[in-house]
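Coordinate inspection notes
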Amino acid sequence: MEPHDFTWIFAVGIISSICDAFGIGANDVANSFASSVSSGSLTLLQACIIACFTEFLGAFLLGSSTSETIKGGILSVERFVDRPELLMLGMLCALVGSASWVLFASKKGMPVSTTHSIIGAIIGVGIAAFGGGAIQWGYSGVAKIITSWFVSPIAAGIVTAIIYLPTRFFVLESPNSLERGIKAIPIYFFVTSLIGSFYIIYKGAPGTDASSLSVGAIIGICFGVATGISAFSWFFFVKWLRRRVVGKENIRWYHIFVIHFVKYRPSPPPTPIADSSTDMEVTGAIEDGSNCDAKLGVCVKNADQDPNDDVESPEEQKDTSLASKLLGLMHKIKYYALRGVRKDVRNLDNKDLANVHDAAKKFDDDTEYLFSFLQVITACLASFSHGSNDVANAAGPISSIYDIWKTARVDVSGTAPVPTWVLAMAGAAIDLGLITYGYHVMRRLGNGVTYLSPSRGFSAELGTSLTVLTASKIGLPVSTTHCITGAITAIGLCNGNFRALNWKMLAWCFMSWIFTLPIAGLIGGLLFAFGSNAPTRFL
């Protein structure tokens with residue numbers, strides 16, 4: 001093989017990488033924000049806007065400059081040294097296999113691990129190329145992935161319950177829950193910012209020098225950050241909450257920073273309901289060509305109006321027709337572009353889930369409102385970290401293809417440099433996937449499993465982050481997707497009623513985890529078997 005041979009593999013690989021990153025946004029990012037949207041802390045549009053910044057910036061700014069040539073070390077890269085073009089083809093088939101399964105799962109609303117999907121596709125390629133003996137089936141390989149199906153949800157569920165139950169008993173169920181919640185807010189901010197900053201530095205910044213810091217240094221930095229944020233919440237945010245939630249003042253979020261200097265702002269009186277009969281008269285008169293005073297409800301026919309004034313010339317009619325067509329085209333483009341963010345994903349009016357939601361205990365709305373801000377913070381931190389960490393699932397294989405295409409050799413170190421344009425491309429595709437396709441997973445995973453409120457969603461997200469951090473440090477295999485599913489399940493169980501969970505949906509989720517490895521592997525393996533045995537003029 002010579003440099004720049006098999007350019008078609010590189011070109012098709014770029015398209016496949018974009019599709020895989022699109023699937024990551026539609027599935028992984030969607031299940032990260034599912035609890036925030038389902039609880040009402042964020043609208044679907046707000047979640048998409050936030051994720052567009054956090055995911056892209058996380059991928060572009062903190063994404064690793066190198067990635068594993070073969071994800072998870074499941075297959076030795078040295079097997080491809082003599083034939084680099086086979087590794088190019090293998091990575092292309094792995095991308096197609098992973099993207100195909102993730103996109104299908106996203107369409108059906110199944111939350112799957114995109115990391116396990118790309119690994120499964122690589123397993124299929126390895127079996128097709130060298131047989132089953134080439135795969136690491138032990139705990140260092142496939143067995144570790146299977147273990148994560150059980151370890152991830154159980155561990156996250158336990159941690160989430162430890163966070164949520166004290167909140168429920170000492171704050172939410174208290175007779176003066178609002179006052180207790182306001183006093184506890186600085187403590188929650190301290191814990192949230194401590195875990196969130198540690199999550200970003202320790203796990204979510206592989207492309208920076210922060211990843212080389214000692215654990216002690218990271219803890220010191222995080223304690224400093226958490227102390228500063230907690231102090232800010234005590235002096236500014238708590239004051240804002242008392243005036244906004246307790247005093248019902250008409251103040252906005254940007255008043256937090258100057259709340260001590262903002263004068264009393266009473267809430268505006270309710271808007272009176274207009275007389276519909278007057279509105280109908282005015283509307284009809286306007287259509288009839290009259291001059292109207294909408295405030296007074298008085299309309300006067302314009303006697304000087306020429307009846308032929310409304311008649312357009314053929315040229316004007318042609319221009320109007322063209323303008324109408326362009327306007328209609330713009331409306332269609334706008335409809336399909338924003339279709340994904342206009343969906344109802346909260347499922348509160350779903351009759352099939354009414355019994356599940358009714359079995360969950362409801363708490364004071366004002367107290368729940370306090371946790372909305374904390375939940376937004378945890379969702380943003382998790383999304384920022386996810387963008388920097390999991391972008392390698394789509395960027396790694398195409399980077400390997402690009403490196404071999406450019407150098408015509410396989411790096412036996414098992415790593416490949418990730419160009420900046422690849423990180424930007426993957427980050428943009430992740431955002432596009434969430435905006436246009438993420439509602440499928442959000443609709444199923446949030447209130448589709450159990451009833452979620454801001455306090456419940458906050459506990460689930462914080463429990464997931466803490467589980468991933470702890471498990472990564474002690475070497476337990478975990479998946480963020482599996483963790484958030486287990487955390488939401490634990491929230492449902494904390495209601496003390498098994499009817500508060502949609503067990504059918506949970507079974508559907510677990511089956512999708514099991515199907516991920518074999519289906520992605522089957523697609524990748526069959527494509528590789530076909531391509532590698534094709535006539536040499538095609539490869």
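Here the structure is a predicted model, which is why all the values come from computation and not from measurement. (Residues numbered from 1 in each chain as written. Predicted model: local features only at pLDDT ≥ 70, side-chain atom pairs only at ≥ 80, totals over all residues. Heavy atoms only, no water.)

Some words on the packing of aromatic side chains
Both the distance between ring centres and the angle between the ring planes are used here to describe each pair of aromatic rings. Stated precisely, the cut-off is as follows: In this analysis, rings of Phe, Tyr and Trp, with Trp reduced to its six-membered ring, are considered paired at centre separations within 6.5 Å, and the interplanar angle assigns stacked below 30 degrees, edge-to-face beyond 60, and tilted for intermediate values. The helix count covers DSSP runs of H or I at least four residues long, the strand count covers runs of E at least two residues long, and both are numbered beginning at the N terminus.
On inspection of all chains with the given rule, the structure shows 23 aromatic pairs. With centroids separated by 5.0 Å and ring planes inclined at 25 degrees, the aromatic side chains of Phe232 and Phe236 adopt a geometry described as stacked. With Phe232 and Phe236 both in helix α7 (residues 215–246), this residue pair falls 4 residues apart, about one helical turn. Ring geometry for Trp253 and Tyr254: centres 5.7 Å apart, planes at 75 degrees, overall edge-to-face.

Details of helix α17 (residues 503–532)
Note the cut-off: The span you would expect from a helix comes to 1.5 Å times its residue count less one. The angle separating two fitted axes, one through the seven residues that finish at a residue and one through the seven that start at it, defines the bend at that residue.
Its 30 residues place the ends of α17 44 Å apart at the C-alpha level, agreeing with the 44 Å of an ideal helix rising 1.5 Å per residue. The sharpest bend along α17 measures roughly 40 degrees and falls at Phe515, with the proline Pro518 sitting one to four residues further on.

With respect to the UniProt feature "transmembrane region" (unreviewed entry) in the protein
Where we set the bar: UniProt positions are given in the numbering used here, feature names are shortened, and annotations may be inferred rather than shown by experiment.
Feature annotation in UniProt places "transmembrane region" (unreviewed entry) on residues 6–30, 42–66, 86–106, 118–139, 145–165, 185–202, 214–238 and 505–530, given in this structure's numbering. Along residues 214–238, the helical share is 96% and the strand share 0%, with 34 Å between the first and last C-alpha atoms. Helix makes up 100% of residues 505–530 and strand 0%, and the two end C-alpha atoms of the span are 36 Å apart.

A closer look at the side chain of Thr54
The criterion, for reference: Between buried and exposed lies partly exposed: a residue is buried under 20% and exposed over 50% of the maximum accessible area for its type, with that area taken using a 1.4 Å probe on protein chains only. Throughout, a contact is declared for two residues whenever any of their heavy atoms are within 4.5 Å.
Topologically, Thr54 is positioned in helix α2 (residues 44–62). Using a relative accessible area of 12% as the deciding quantity, one classes Thr54 as buried. In this structure Thr54 touches Cys380, Ser383 and Phe384, once residues within four positions along its chain are discounted.

Regarding the confidence of the model for the protein
Put simply, the rule is: Residue-level confidence of the predictor, termed pLDDT, takes values from 0 up to 100.
Per-residue confidence for the protein gives a mean pLDDT of 81, with 83% of residues at or over 70. Within the model, pLDDT remains below 50 along residues 275–308, and this stretch shows 23 contacts once partners closer than five positions in the same chain are excluded.

Overview of the environment of Cys494
Along the polypeptide, Cys494 turns up in the loop between α16 (480–493) and α17. What makes Cys494 buried here is its relative accessible area of 12%. Sequence separation of Cys494 and Arg456 is 38 residues, and the distance between their C-alpha atoms is 9.8 Å. Non-local contacts of Cys494, meaning those with residues more than four positions away in its chain, are made with Ala161, Tyr164, Leu165 and Arg168.

Thoughts on the pattern of salt bridges
Formally: Definition used for salt bridges: Asp or Glu carboxyl oxygen within 4 Å of a side-chain nitrogen of Lys or Arg.
Summed over the entire model, instances satisfying the criterion amount to 6 salt bridges. Two residues, Arg168 and Glu173, come together in a salt bridge whose shortest N-O distance is 2.8 Å. A salt bridge links Glu249 to Arg243, with the nearest nitrogen and oxygen atoms 2.8 Å apart. Like Arg243, Glu249 is buried. In this structure, a network of salt bridges that share partners links the residues Arg168, Glu173 and Lys361.

With respect to helix α3 (residues 84–107)
Look at α3: 35 Å from first C-alpha to last across 24 residues, which is about the 34 Å you get at 1.5 Å a residue. Counting buried residues in α3 gives 19 out of 24 residues, a clear majority hidden from the surface.

Some thoughts on unusual backbone geometry
For Phe6, which is not a glycine, the phi torsion comes out positive at approximately 55 degrees. Position of Phe6 among the secondary structure elements: in the segment before α1 (7–38). In this model, Lys248 sits at a positive phi of 55 degrees, which is unusual for a non-glycine residue. Assignment of secondary structure puts Lys248 in the loop between α7 and α8 (276–287).

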